[in-house]
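# Residue-level structure breakdown
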Amino acid sequence: SQQGEEDPQALSIQEGENATMNCSYKTSINNLQWYRQNSGRGLVHLILIRSNEREKHSGRLRVTLDTSKKSSSLLITASRAADTASYFCATDAWIQGAQKLVFGQGTRLTINP
Amino acid sequence: EPEVTQTPSHQVTQMGQEVILRCVPISNHLYFYWYRQILGQKVEFLVSFYNNEISEKSEIFDDQFSVERPDGSNFTLKIRSTKLEDSAMYFCASSTGNTGELFFGEGSRLTVL
């Protein structure tokens, strides 16, 4: 089954540093998405990268996608305390007209002030 | 900004009882989903719903689960006879189906005793 797996499982850095999280998956995808989840809260969509794209930017976020390696990375530049959260990649396939996201285990990011 | 709303935020129930979790998706969205997240684990797909019928369901979504869109706004998840292992955070999501981005609610925490 297609499955996003994040690496590392936990990451702790100082405010102002860059944070890089990686995701690997197993099967072909239509697109790959990254979501953020603050503790005890819902999932917030961050960025979507399509299978024919290699890199995408949104503010301080930079996502890359390497379909040959079935991997993606999320870079948060100039991290802030408010970036502390869990980050999930999700692979996206349309199956019989329905969209289905398969989430990875997530990376718990802690930004230390 | 439009958002997906879920009620209740937390429900405690006895094993064997029926539970209904309610969601109000974003009004112009056409696709509706339920996901769940057992504490400390990944977010898992349960079911997708489009055009008043289930598009796809996972292995988790057995005969004890059902979904309904009883009117033009609500989207409900019913668990007929709850089990201890149904304890989880249940997330409703909706999408237009065009961009691939899912909009999630804040979740309903279900505790089965």
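Throughout what follows, the structure given in this document is the object of discussion.

Here is what the cut-offs are and how they apply
- Residues numbered from 1 in each chain as written.
- Chains lettered and ligands numbered in written order.
- Predicted model: local features only at pLDDT ≥ 70, side-chain atom pairs only at ≥ 80, totals over all residues.
- Heavy atoms only, no water.
- Helix = DSSP H or I, 4+ residues; strand = E, 2+ residues; numbered from the N terminus.
- Rg over C-alpha atoms; globule rule 2.2 N^0.38 Å.
- Buried < 20%, exposed > 50% of the residue type's maximum accessible area, 1.4 Å probe, protein only.
- Contact = heavy atoms within 4.5 Å.
- Areas by Shrake-Rupley, 256 points an atom, 1.4 Å probe, with all protein chains shown as cover.
- Disulfide = S-S within 2.5 Å.
- Buried area = accessible area lost by both parts, 1.4 Å probe.
- Salt bridge = Lys/Arg side-chain N within 4 Å of Asp/Glu carboxyl O.
- Polar contact = N/O pair within 3.5 Å; in protein donor to acceptor, adjacent residues only side chain to side chain.
- Nonpolar A, V, L, I, M, F, W, Y, C, P; charged D, E, K, R; others polar.

### Things to note about the overall build of chain A
If you tally the helices and strands in chain A, you get 0 helices and 11 strands. The order of α-helices and β-strands along chain A, N terminus first, is β-β-β-β-β-β-β-β-β-β-β. What you see for chain A is a C-alpha radius of gyration of 14 Å, in line with the 13 Å of a compact globule of 113 residues. Here the C-alpha coordinates of chain A stretch approximately 45 × 30 × 20 Å along the principal axes. Across the 113 residues in chain A, those meeting the buried criterion constitute 46%. Counting only contacts in chain A whose residues sit at least 6 apart along the sequence, the fraction spanning at least 24 positions is 56%. Accessible surface, chain A: about 5300 Å² in total, of which carbon and sulfur atoms supply 44%.

### Some thoughts on the state of the cysteines
All names here are of chain B. Tallied over the full model, the rule gives 2 disulfides over all chains. Linked covalently through their sulfurs, Cys 23 and Cys 92 form a disulfide whose S-S length is 1.9 Å. In this structure, the disulfide formed by Cys 23 and Cys 92 twists by about -65° around the S-S bond and is classed as left-handed. In this pair, Cys 23 sits in strand E3 (residues 19–24) while Cys 92 sits in strand E9 (residues 88–95), placing the two residues 69 residues apart along the sequence. The class of Cys 23 is buried, set by a relative accessible area of 0%. On the basis of relative accessible area, Cys 92 is assigned to the buried category, the value being 0%.

### Thoughts on the interface of chain B and chain A
Contact residues are listed per partner, giving 23 residues for chain B and 25 residues for chain A. In total, about 1900 Å² of surface goes out of reach between chain B and chain A, with carbon and sulfur atoms giving 49% of it. The interface formed by chain B and chain A includes 2 salt bridges. Between A:Arg41 and B:Glu106 there is a salt bridge, with its nearest N and O atoms 2.6 Å apart. For the pair chain B and chain A, the interface holds 6 residue pairs in polar contact (both at pLDDT 80 or more). For the side of chain B that touches chain A, the secondary structure elements donating two or more residues are strand E4 (31–37), strand E5 (43–50), strand E6 (53–57) and E9 of chain B. Looking at which element gives the most residues to the side of chain B that touches chain A, the answer is E4(B), with 4 residues. Here the residues of the side of chain B that touches chain A sort into 9 nonpolar, 10 polar and 4 charged.

### Looking at the pattern of salt bridges
Tallying each qualifying case throughout the model produces 6 salt bridges over all chains. The partner of A:Asp83 in a salt bridge is A:Arg60, with the nearest N and O atoms 2.9 Å apart. Here A:Asp83 is found in the loop between strand E8 (71–76) and strand E9 (85–95), whereas its partner A:Arg60 is found in the loop between strand E6 (55–58) and strand E7 (61–66), with 23 residues between them in sequence. A residue is classified by how much of its surface remains accessible, and A:Asp83, at 8% relative accessible area, is buried. For A:Arg60, a relative accessible area of 22% translates into the label partly exposed. For B:Glu56, the salt bridge is made with A:Lys100, and the minimal N-O distance between the two is 3.6 Å. Note that B:Glu56 is positioned in strand E6 and A:Lys100 in strand E10 (residues 98–103), a pairing that runs across two chains.

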